[in-house]
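Inside the fold
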Amino acid sequence: MSASSTLTNNLLSFVNQTFLQELIQELPVVVFAISPNQTITCWNKECERTLGYSSKEIQDTTILTKNLFGHTPILKSITEAWDNPNITLPYRYWEGEIKAKDGSVRYLSVNYHVRNNFVLEGLHLWCIGTDLTDKVQGQRIMQVNQERLSLVTKAAKIGFWDWNAHTNEVYYSQECFDIMGYTYDEFSHTYEKWLEFIHPEDRTRVQNKVRDCLHTKCDFYTELRFKAKNGNYIWLFLQANVFEWDVQNKAVRIVGIISDITLRKRTEQDLQEALAKVEELKESLVEENLQLKQELQESFRYEDIISISDTYKKVLRQVEQVAPTDATVLVLGETGTGKSLIANTIHRLSPRVNQPLIKVNCAALPANLIESELFGYEKGAFTGAYTKKIGRFELADKGTIFLDEIGDLPMELQAKLLRVLQEGEFEPLGGNRTHKVDVRIIAATNRNLEELVQRGSFRADLYYRLNVFPIVNPPLRERKEDIPLLVKYFVNKYNAKTQKQITVIPKKTLQQLESYNWPGNIRELKNTIERAIVLSTSTKLEMDAWFQNSANTISPDISSDIVFDTLEEHERKHILEALKRTEGRVTGPRGAGKLLGINDKTLQSRMRKLGINRLNEFK
């Protein structure tokens, strides 16, 4: 070979070597070479970027070579090739971690092979590798996340599923099988098979949602009943999200989750049942409350009338019926039953409420003053009548007059009262001018007017005129359920009056009060409570001994079968006996007045009041 050919070959070899060295430097992969003495003789730019060492730092030193690759099988290959020069070693692969200059760990995949070439003279171990650090770190992060997701789904009891609508294959996570109660082999992995396990009442609804999801790519969620392996239905929450769709814009892949909500559903059902029960109780309570309010309104909307008694409700209904009218009312009842309260209520509920209510107690006025009180008198009508006086009827004009104890009204005034009732007019005492009045009359008595009519001491025509709308006020013994209310009312009333603080009413005390017959009715109860408050020395109502003694002295006579004449009846019999002895003579030294020791005029007045006619009695 000529010198020029040798030079040409050498030049070409040099050019090729230079080109390859430059090419190696610019390759986007890690390329390095290790000599038999374990020094790095080639180190491209990607090695510098990946591991941080420059070519000047790395070449011609074994320390860095051993630090970088001493833990790998790479160096062993160069030693093995050196010791066996006649054996061709195969290409080998290694993947692992290498510590960079900055202390970070890089993950490389390296293909290496021992060979001679013209790039570097002599035997070298050539290594070509790829930096997998980002990929490995991503895989590790993904693995950690998957592990975490698996832990979360297990803890939350959430199953993951993935359905490919084209292949109709459904993937279920292990949590899905745990929730549904099946194993992998026991459950078919198709959409249609899954539908078979859904409760018939829910199946159509779920199918419609899935169909809408496939065509509109809309995510959905729903609740459904699913037949578990044991045959019982469990409640599942299903959520589906479209993950992939085809060129026709239809969903291809749908992924989602399921979770067991059976316990929640049972709790909701129990809660609904409890709420329904509460609502039922509420409605019942509202109804009872309305009923109670109605009862309370019926019982307490009348001032000072305290009652929850059914017996007394009838009385109040009568009051409501007659109050709006101008009808004359006759209130009947024993003493102390509160007849005046009935009169007050009738007036207050009547159209005359803004006009006066004039009250007259016919039994409290002397017989010679009743006429002047009721009808008034003119000046000079009698000795001492220095001025004109307006009577109660005239004061009650356009309003109401309440005639209490009407049974004690003298006979001579009954005719005049009858005229007022019938014609609405009267003449004052000593006057000659008729007065017209518009007065509503409410009368009350504790006497039996029918008996008085039969005995002649009360005008029958007046009785019929008064008895237009009779109201019988029941005695307290017929409405004992009102006693606790009345006791509390009177305790509060006399607490304020006596400046005491009676807050406790013993049950025994109420039982004593309810067992008593109350001949004096509410008036007696009121006085008894006032006395008990005065005598009580603590915050407890005390009335044991003295009330028992008082009750024992009254009750036996009231409840006995012995019938006693009233004082009026006894007086009538006594006068008749005197007239019998005087043969009907009333006045004079041999008359009944002398025998009885009373004035003749007084005797005559009493006879008229008691309906004694000596002509009829001594024919």
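The following paragraphs examine the structure supplied in this document. Everything numeric here is computed off the predicted structure, so don't read it as measured data.

To continue, consider the sheet that holds strand 4 (residues 105-116). Pairing is antiparallel across the open sheet formed by 5 strands, whose spatial order is 2-1-5-4-3. Unpaired on one side and paired on the other, strand 2 (40-43) and strand 3 (92-99) mark the two borders of the sheet. With direction set aside, neighbouring strand axes in the sheet form an average angle of 25°. Bridge analysis of strand 3 against strand 4 gives 8 bridges, and the strand direction is antiparallel.

Moving on, we come to the sheet that holds strand 12 (residues 357-361). Pairing is parallel in the open sheet, where 5 strands are placed in the order 12-15-18-11-19. Since the sheet does not close on itself, it has two edges, and those belong to strand 12 and strand 19 (469-472), each with one partner. Adjacent strand axes in the sheet meet at a mean angle of 20° when their direction is disregarded. Examined bridge by bridge, strand 11 (residues 329-332) and strand 18 (residues 440-445) share 4 bridges and lie parallel to one another. Within the sheet, the bridge partner assigned to V329 lies in strand 18 and is I442. Lying on the sheet, helix 11 (residues 310-322) is in contact with strand 11, strand 18 and strand 19; it crosses strand 19 at an angle near 155°.

Right, let's get into the pattern of salt bridges. Per the stated rule, a full pass over the model turns up 30 salt bridges. Between E186 and K229 there is a salt bridge, with its nearest N and O atoms 2.8 Å apart. With a gap of 43 residues between them, E186 in the loop between helix 7 (174-180) and helix 8 (191-196) and K229 in the loop between strand 8 (220-227) and strand 9 (233-245) connect regions that are remote in the sequence. Salt bridges sharing common partners tie together R419, E423, E425, E427 and K436.

Sheet topology note: the strand 1 (residues 30-34)/strand 5 (residues 123-131) ladder contains 5 bridges and is antiparallel. Its bridge partner being in strand 5, V30 is matched across the sheet by G129. Alignment of strand 4 against strand 5, held across 9 bridges, turns out to be antiparallel. Counted as the bridge partner of L108 is D131 from strand 5.

As a further point, take the layout of surface pockets. Its volume calculated, the second largest pocket comes out at about 490 Å³. When contributions to the lining of the second largest pocket are tallied by element, the ones reaching two or more residues are helix 12 (339-348), helix 18 (483-498) and helix 20 (521-535). Residue contributions to the lining of the second largest pocket peak at 4 residues, all from helix 18. In the lining of the second largest pocket, the residues fall into 8 nonpolar, 6 polar and 8 charged.

With that settled, the discussion passes to the nonpolar core. Judged by nonpolar contacts, the single largest core of 31 residues is most densely connected at W161, Y172, M180, F187, W194 and F226. Elements that contribute at least two residues to this core include exactly strand 6 (158-164), strand 7 (169-172), helix 7, helix 8, helix 9 (200-216), strand 8, strand 9 and strand 10 (251-260). The greatest single-element share of this core, amounting to 5 residues, is contributed by strand 9. Of all hydrophobic cores here, the second largest spans 29 residues; its members include C362, I370, L452 and L466.

This part is about the packing of helix 18 against helix 20. For the pair helix 18 and helix 20, the least separation of the axes is 9 Å and the interaxial angle reads 50°. On the basis of the axis angle, helix 18 is oblique to helix 20. Along this stretch, helix 18 crosses helix 20, giving a crossing that reads as right-handed. Of the residues in helix 20, those touching helix 18 at L486, V487, F490, V491, Y494, N495, K497 and T498 are I522, L525, K526, I529, E530 and I533. Grouping the amino acids of the contact of helix 18 with helix 20 by side-chain chemistry returns 9 nonpolar, 2 polar and 3 charged.

Turning our eyes to something else, we now look at empty space enclosed by the protein. This structure, assessed with the given rule, holds 3 cavities of 30 Å³ or more. What lines the largest cavity is a set of 13 residues, and nearest its centre among them are W161, V170, Y191, W194 and L238. For the lining of the largest cavity, the secondary structure elements donating two or more residues are strand 6, strand 7, helix 8, strand 9 and strand 10. Of the residues contributing to the lining of the largest cavity, the split by class is 13 nonpolar, no polar and no charged.

A complete count under the given rule lists 0 disulfides for this structure. C42 takes part in no disulfide bond, and the closest cysteine sulfur to it belongs to C47, at a distance of 7.6 Å. Taking relative accessible area as the criterion, C47 reaches 1% and is therefore assigned buried.

So, about the packing of aromatic side chains. If you walk through the whole model with that rule in mind, you get 16 aromatic pairs. Ring centres 5.9 Å apart and planes at 65° place the aromatic pair F177 and Y184 in the edge-to-face group. On the basis of relative accessibility, which here comes to 3%, the residue F177 falls in the buried class. A centroid spacing of 4.5 Å and a plane angle of 75° characterise the contact between Y516 and W518, whose relative ring orientation is edge-to-face. Among the aromatic residues, those joined into a cluster by ring pairs are F32, W43 and F69. The ring of W235 has K265 lying over it, and the distance from NZ or CZ to the ring centre is 4.5 Å.

With that out of the way, let us pick up the side chain of R352. Mapped onto the elements, R352 comes out in the loop between helix 12 and strand 12. Among the polar contacts made by the side chain of R352, one reaches the main-chain carbonyl oxygen of K398 at a distance of 3.3 Å. Look past the residues within four positions of R352 in its chain and what remains in contact with it is D326, H347, K398, G399, T400, D438, V439 and R440.

Cut-offs and rules
- Residues numbered from 1 in each chain as written.
- Predicted model: local features only at pLDDT ≥ 70, side-chain atom pairs only at ≥ 80, totals over all residues.
- Heavy atoms only, no water.
- Pairing = 2+ DSSP bridges.
- Helix = DSSP H or I, 4+ residues; strand = E, 2+ residues; numbered from the N terminus.
- Axes fitted to C-alpha atoms, helices over the stretch in contact; angles between N-to-C directions.
- Contact = heavy atoms within 4.5 Å.
- Salt bridge = Lys/Arg side-chain N within 4 Å of Asp/Glu carboxyl O.
- 1 Å grid on protein atoms, 1.4 Å probe; cavity = no way out; pocket = protein on both sides within 12 Å on 5 of 7 lines; lining within 4 Å.
- Points joined across faces, edges and corners; volume = space filled by probe spheres on them.
- Nonpolar A, V, L, I, M, F, W, Y, C, P; charged D, E, K, R; others polar.
- Core = buried A, V, L, I, M, F, W, Y, C linked by side-chain atoms within 4.5 Å.
- Buried < 20%, exposed > 50% of the residue type's maximum accessible area, 1.4 Å probe, protein only.
- Parallel < 35°, antiparallel > 145°, perpendicular 65-115°, else oblique.
- Left-handed = near helix turned anticlockwise from the far one by under 90°.
- Disulfide = S-S within 2.5 Å.
- Phe/Tyr/Trp six-rings, centres within 6.5 Å; stacked < 30°, edge-to-face > 60°.
- Lys NZ or Arg CZ within 6 Å of the ring centre and 35° of its normal.
- Polar contact = N/O pair within 3.5 Å; in protein donor to acceptor, adjacent residues only side chain to side chain.

Just distances and angles here, no functional claims.
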